[in-house]
Amino acid sequence: MKDIFRYPAIAFLFALCLSSFPANAIGRGSSTYIKSASYIQLSEAVLQPSAEFSEESISAGDETLKLALKTNTLALAGLVPNVGAELYLGKNWSLSANWNYAWWNSDKHLWYWRTYGGELAVRKWFGRQSRENTMAGHHVGLYGQMMTYDFLLGKNGILADKWNYAGGLEYGYSFPLNDCLRLDLAAGFGFMGGEYKNYKPMDGHYVWQSTMKRRYYGPTKAELSLVWIIDFNGRK
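Residues numbered from 1 in each chain as written. Predicted model: local features only at pLDDT ≥ 70, side-chain atom pairs only at ≥ 80, totals over all residues. Heavy atoms only, no water.

### Notes on the packing of aromatic side chains
Quick reminder of the rule: The criterion for an aromatic pair is that two Phe, Tyr or Trp rings (for Trp, the six-membered ring) have centres within 6.5 Å, with stacked assigned to planes under 30 degrees apart, edge-to-face to planes over 60 apart and tilted to the rest. Categorising residues by exposure relies on relative accessible area from a 1.4 Å probe, with only protein chains included: less than 20% of the type maximum marks a residue as buried, more than 50% marks it as exposed, and the intermediate range marks it as partly exposed. To qualify as a helix, a DSSP run of H or I must reach at least 4 residues; to qualify as a strand, a run of E must reach at least 2; elements of each kind are numbered from the N terminus. In this analysis the charged atom, NZ for Lys or CZ for Arg, is taken to sit over a ring once it is within 6 Å of the ring centre and within 35 degrees of the ring normal.
Throughout the structure, instances matching the rule amount to 12 aromatic pairs. With 6.2 Å between their ring centres and 20 degrees between their planes, Y101 and W103 make a pair best called stacked. For Y101, a relative accessible area of 44% puts it in the partly exposed group. Judged by relative accessible area, which is 42%, W103 ranks as partly exposed. Consider the rings of Y112 and Y206, whose centres lie 5.6 Å apart with planes at 65 degrees: the pair is edge-to-face. Remark: Y206 occurs in strand β8 (residues 205-231) and Y112 occurs in strand β4 (residues 111-126); sequence separation between them is 94 residues. Note on Y112: relative accessible area 9%, which makes it buried. When the ring centre of Y196 is taken as origin, the NZ or CZ atom of R214, which lies over that ring, is 4.5 Å away.

### Quick notes on the pattern of salt bridges
Applicable threshold: For salt bridges, the criterion is a side-chain nitrogen of Lys or Arg within 4 Å of an Asp or Glu carboxyl oxygen.
Scanning the entire structure with this criterion turns up 14 salt bridges. Linking R123 and E86 is a salt bridge whose minimum nitrogen-to-oxygen distance equals 3.3 Å. Here R123 is found in strand β4, whereas its partner E86 is found in strand β2 (residues 82-90), with 37 residues between them in sequence. By relative accessible area, which is 1% here, R123 ends up buried. Take E86: its relative accessible area is 2%, and that puts it in the buried class. With its nearest N and O atoms 2.8 Å apart, the salt bridge here joins D150 to R114. Taken together, the positions of D150 in strand β5 (residues 137-153) and R114 in strand β4 put the pair 36 residues apart, joining distant regions of the chain.

### Brief notes about the sheet that holds strand β1 (residues 66-72)
What counts is decided by this rule: Only when DSSP finds a minimum of two bridges between them are two strands counted as paired. Axis definition: a line fit to C-alpha positions, over the contact stretch in the case of helices; interaxial angles, taken between N-to-C directions, run 0 to 180 degrees.
Pairing within the closed barrel is antiparallel, and its eight strands lie in the order β1-β2-β3-β4-β5-β6-β7-β8. The sheet shows a mean angle of 20 degrees between the axes of neighbouring strands, taken without regard to direction. In this structure, β5 lies alongside strand β6 (residues 157-176), joined through 15 bridges in antiparallel fashion. Across the sheet, residue H138 finds its bridge partner in β6, namely Y173.

Rendered as structure tokens:
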């Protein structure tokens, strides 16, 4: 080592080589430098996860805000316009609200077809389709309804001028037509109660006949709805 410093050029080259090593490697051996390089490569791998991992994580946690607008075609066929909305709550749960309103009447032909009311329902979705598409496949739920009505077809009429009510359990299946359209079939069984009046048209008047209490158990809901899914985050 002493002979090196007798020649200025060699000493200069030796000093230049020493200066090119990292400071933390001097006096610790080459293994320290190798570990440092490995640490840098490992850090880069952690900071840049694979695209496959990211896509799986997003898919498994796809809880985007989605709203469905719908109309029951069975009610439309019965001359009862209606509209509904269903909000996806995440984890295959949804909350639905519907409203209907019809006010058709003809005193000349003794024909009254008037009703309005609404429904609230909570649904749980399950099955393969529900995992692949939002608000698709099998669903079960609880629902409650409120309604008034006045129906007259010829000689006899029935009037519920106070709120009647119904509720029960439902089951249905929603067929995905494409990314944003569904065809939802559902039926509900439960209880309907309330008060209604029987009346008859006589000499230009509507004459009360009796007041009845309704206590009914059986089918209280039938639905064949066309559903449009709105995704506020732009995902399908």
